[in-house]
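Summary of the model geometry
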Amino acid sequence: MTSQFKTGETTGAAKLNIGGKDIDLPLLKGTVGPEVIDVRALYRQTGLFTYDPGFTSTASCDSSITYIDGDQGILLYRGYPIDEIAEQGNFMETAYLLLYGDLPNATEMKEFEHAITYHTMVHEQLQNFYRGFRRDAHPMSIMVGVVGALASFYHDSTDINDPHQRMVASYRMIAKMPTLAAMAFKYSIGQPFVYPRNDLGYAENFLRMCFAVPAEDFKVNPVLARAMDRLLILQADHEQNASTSTVRLAGSSGANPFACIAAGIACLWGPAHGGANEAALNMLSEIGTVDRIPEFIARAKDKDDPFRLMGFGHRVYKNYDPRAKVMQATAHEVLDELGIDDDPLLHVARELERIALEDPYFIEKKLYPNVDFYSGITMRALGFPTTMFTVLFALSRTVGWIAQWSEMIDDPKQKIGRPRQLYTGPTERRYVSLGERKG
Ligand code: SDX
């Protein structure tokens, strides 16, 4: 897997004056987007750290995979706009693009799809892991466990220094995620596991493994399969978000890819990140009717109330999340196909969006709907319970995590990630034995 790795060119220097001493820090320029101040020599030259909790102004790496212009609401996968890929492409093609840097030709597409399809089965003993969970376990807790456990089945593809093993592990991860996710869903509803089929596409196979039962034949509705495929495209990668940064940091220690993806799944689960789709739909259900929207808008603006409008706001987008627009259209397609033309939650969502986008608080803080605002409505209409929403996000994001992990391994500049801190604890003091302590 070759990463089209580029190194930023130096375009001058940022001048820093510290204690009367002038320090020149190189400015690096990428192909588009903000330049960076290279601070790698700062501590050695000044004894000072930079300070950036939450990494609001920090570039952790170079990357040529995904670019976001948050002010313009632009998202590019290897340079291709997300809406063009979502409208004209498919998830397998998108996976190839993210992994290899270019759209595949017909032969490459056929070979890639065949390789993924013929890795979709999982070791039969993995079923024992599921049976150790309570039936009401959250599917994300199961996914964190079983994905990490994959390392115990595939010793032949955990050596990250072997490019062939990295490629095998990557294909296995992408291929097996739908099977593992469907098994988590089936286990939670007490139905038997359904095996993957090699004559079905990726999204179609996943929907069949989720909704088929042994008692009868099951044909996946092509409109729903297309919607599922688009959901997967929209959430496949997103620069250095929290879960991708988690995967990179885990990978920087040399951990095997299955452990790194399990770490990414754990991070994605948080409601401020991938868990927001579940939280957003629960919020829409709690609001229930359009007349209760003002009460929730007021709570979202109340500094003393921890409530936030789930599915709104973003660290990078200070404009409409381009994925949210495509996701909204997809929600309508699914609801129309299923004849659900008066989904009360969709009414609440659309009215909440309208009111919020006109509210000075949201306008001033540039809070727009993000990808998670409409994805829940689509996934619920497809038949998934809210507890499966973040699992579907993880299914999609696995491709991005693998692509970013591979790029990190290929990057000659990367080393183990080890941030420093501003220490605010006690200075050195002598140990006091129990008998001499006060109180
Ligand atoms: C994803 O990083 C990625 O790329 C993530 C993602 C991906 O594809 O990987 O795009 C997926 O995680 C999308 C985001 C999903 N999360 C949510 O929808 C949860 C609700 N959103 C917020 O929690 C929040 O907007 C974040 C976490 C998404 C972003 O938070 P930031 O960038 O740290 O911004 P902040 O918390 O500092 O908020 C800035 C201000 C604050 O007010 P002040 O302290 O300045 O007065 O805006 C307010 C916040 O209180 N604010 C909100 C709000 N989000 C921010 N107020 C009400 N409702 C909200 N949703």
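Quick summary incoming for the structure in this document. Residue positions are given per chain, counted from 1 along the sequence in the order it is written. Only residues with pLDDT of at least 70 are given local features in this predicted model, and only at 80 or more are side-chain atom pairs given and counted; all residues enter the totals for whole chains, interfaces and linings. Values reported for side chains reflect all heavy atoms of the structure, with hydrogen atoms and water molecules removed beforehand.

**Re the environment of Gly 275**
What counts here: To qualify as a helix, a DSSP run of H or I must reach at least 4 residues; to qualify as a strand, a run of E must reach at least 2; elements of each kind are numbered from the N terminus. For the exposure calls, accessible area comes from a 1.4 Å probe over protein chains only, and a residue counts as buried if that area is under 20% of its type's maximum, exposed if over 50%, partly exposed in between. The contact criterion used is simple: two residues touch if any of their non-hydrogen atoms lie within 4.5 Å.
By secondary structure assignment, the location of Gly 275 is in the loop between helix H11 (257-268) and helix H12 (276-287). By relative accessible area, Gly 275 is classed as buried at 6%. A sequence separation of 97 residues divides Gly 275 from Asp 372, and the C-alpha atoms of the two residues are 8.6 Å apart. Among residues more than four places away in sequence, those in contact with Gly 275 are Leu 268, Trp 269, Gly 270 and Thr 390.

**Structural notes on the pairing of strand E1 (residues 9-18)**
Worth spelling out the cut-off: Two strands qualify as a pair provided DSSP detects at least 2 bridges between them.
Both E1 and strand E2 (residues 21-29) contribute to a ladder of eight bridges, which runs antiparallel. Looking at E2, one finds that Lys 15 is bridged to Asp 24. Counting the residues in the hairpin turn of E1 and E2 gives two residues, including Gly 19, whose phi is positive at 55°.

**Focus: the side chain of Asn 370**
Stated precisely, the cut-off is as follows: In protein, a polar contact requires one atom able to donate a hydrogen and another able to accept it; more generally it is a pair of N or O atoms within 3.5 Å, and residues adjacent in sequence count only if both atoms are side-chain atoms.
If you trace the backbone, Asn 370 turns up in the loop between helix H16 (360-364) and helix H17 (371-382). In this structure Asn 370 comes out as buried when scored by relative accessible area, which is 7%. From its side chain, Asn 370 meets the backbone oxygen of Gly 313 in a polar contact 2.9 Å long. Not counting chain neighbours up to four residues away, the residues in contact with Asn 370 comprise Gly 311, Phe 312, Gly 313, His 314, Asp 321 and Ala 324.

**Some words on the sheet that holds E2**
Reading across from one edge, E1-E2-E3 is the order of the three strands in this open sheet, with antiparallel pairing throughout. Edge positions in the sheet fall to E1 and strand E3 (36-37), since each has one partner strand and no second. Taken together, the two bridges between E2 and E3 define a ladder with antiparallel strand orientation. Looking across to E3, one finds that Leu 27 is bridged to Ile 37.

**Describing the site of the ligand**
Stated formally: Throughout, the term near means that a residue has one or more heavy atoms lying within 4 Å of the molecule or strand in question. Residue exposure ignores everything except the shown protein chains as possible cover, and the areas themselves are Shrake-Rupley values with a 1.4 Å probe. Nonpolar residues are Ala, Val, Leu, Ile, Met, Phe, Trp, Tyr, Cys and Pro. Charged residues are Asp, Glu, Lys and Arg, and all others, Gly as well, are polar.
For the ligand, the set of nearby residues contains 24 residues, the closest of which are His 238, His 314, Arg 315, Arg 323 and Arg 397. Between the ligand and the protein, one listed contact pairs a nitrogen atom with a backbone N or O atom of Phe 312 at 2.8 Å. If the ligand stood free it would expose 1000 Å²; the protein chains cover 77% of that surface. When the residues that make up the shell around the ligand are grouped by side-chain class, the tally is ten nonpolar, seven polar and seven charged.

**Points about the packing of helix H6 (residues 139-149) against H11**
Here is the rule we go by: Working convention: axes come from line fits to C-alpha atoms, limited for helices to the stretch in contact. Angles between N-to-C directions cover 0 to 180 degrees. Working definition: roughly parallel below 35 degrees, roughly antiparallel above 145 degrees, roughly perpendicular at 65 to 115 degrees, and oblique for all remaining angles. Each crossing is labelled by how the near helix is turned from the far one, with a counterclockwise turn of less than a right angle marking it left-handed and a clockwise turn marking it right-handed.
Taken N-terminus to C-terminus, the directions of H6 and H11 make an angle of 170°; their axes are 8 Å apart at the nearest point. Here H6 is positioned roughly antiparallel relative to H11, judged by the angle of their axes. The way H6 lies across H11 gives a crossing that is left-handed. Residue-level inspection shows Met 140, Met 143, Val 144, Val 147 and Gly 148 of H6 in contact with H11, the latter providing Phe 258, Ile 261, Ala 262, Ile 265 and Ala 266. For the contact of H6 with H11, a count of residues per class yields nine nonpolar, one polar and no charged.

**Quick notes on unusual backbone geometry**
Its identity as a non-glycine residue notwithstanding, Phe 55 has a phi of 55°, on the positive side. Tracing the backbone shows Phe 55 in the loop between helix H1 (42-46) and strand E4 (66-69). Here Phe 55 falls in the exposed class, since its relative accessible area comes to 57%. In this model, Lys 366 sits at a positive phi of 55°, which is unusual for a non-glycine residue.

**Digging into the environment of Met 140**
With respect to the element layout, Met 140 can be found in helix H6. Apart from residues no more than four positions distant in its own chain, Met 140 is found in contact with Ile 265, Trp 269, Thr 390 and Val 391.

**Here we look at the environment of Trp 405**
The residue Trp 405 is located in helix H18 (residues 389-410) in this model. Sequence separation between Trp 405 and Arg 172 is 233 residues; the distance between their C-alpha atoms is 15 Å.

**Notes on the pattern of salt bridges**
Cut-off, in case you're wondering: One speaks of a salt bridge when a side-chain nitrogen belonging to Lys or Arg is within 4 Å of a carboxyl oxygen belonging to Asp or Glu.
On inspection of all chains with the given rule, the structure shows 19 salt bridges. Between Asp 199 and Arg 197 there is a salt bridge, with the nearest N and O atoms lying 2.6 Å from each other. By relative accessible area, which is 51% here, Asp 199 ends up exposed. The class of Arg 197 is partly exposed, set by a relative accessible area of 36%. Ionic pairing is found between Arg 230 and Glu 333, a salt bridge with its closest N-O pair at 3.1 Å. Of this pair, Arg 230 sits in helix H9 (residues 222-234) while Glu 333 sits in helix H14 (residues 322-337), and the two are 103 residues apart along the sequence. The exposure class assigned to Glu 333 is partly exposed, which follows from its relative accessible area of 32%. Among the charged side chains, a network of salt bridges with common partners joins Asp 62, Asp 411 and Lys 413.

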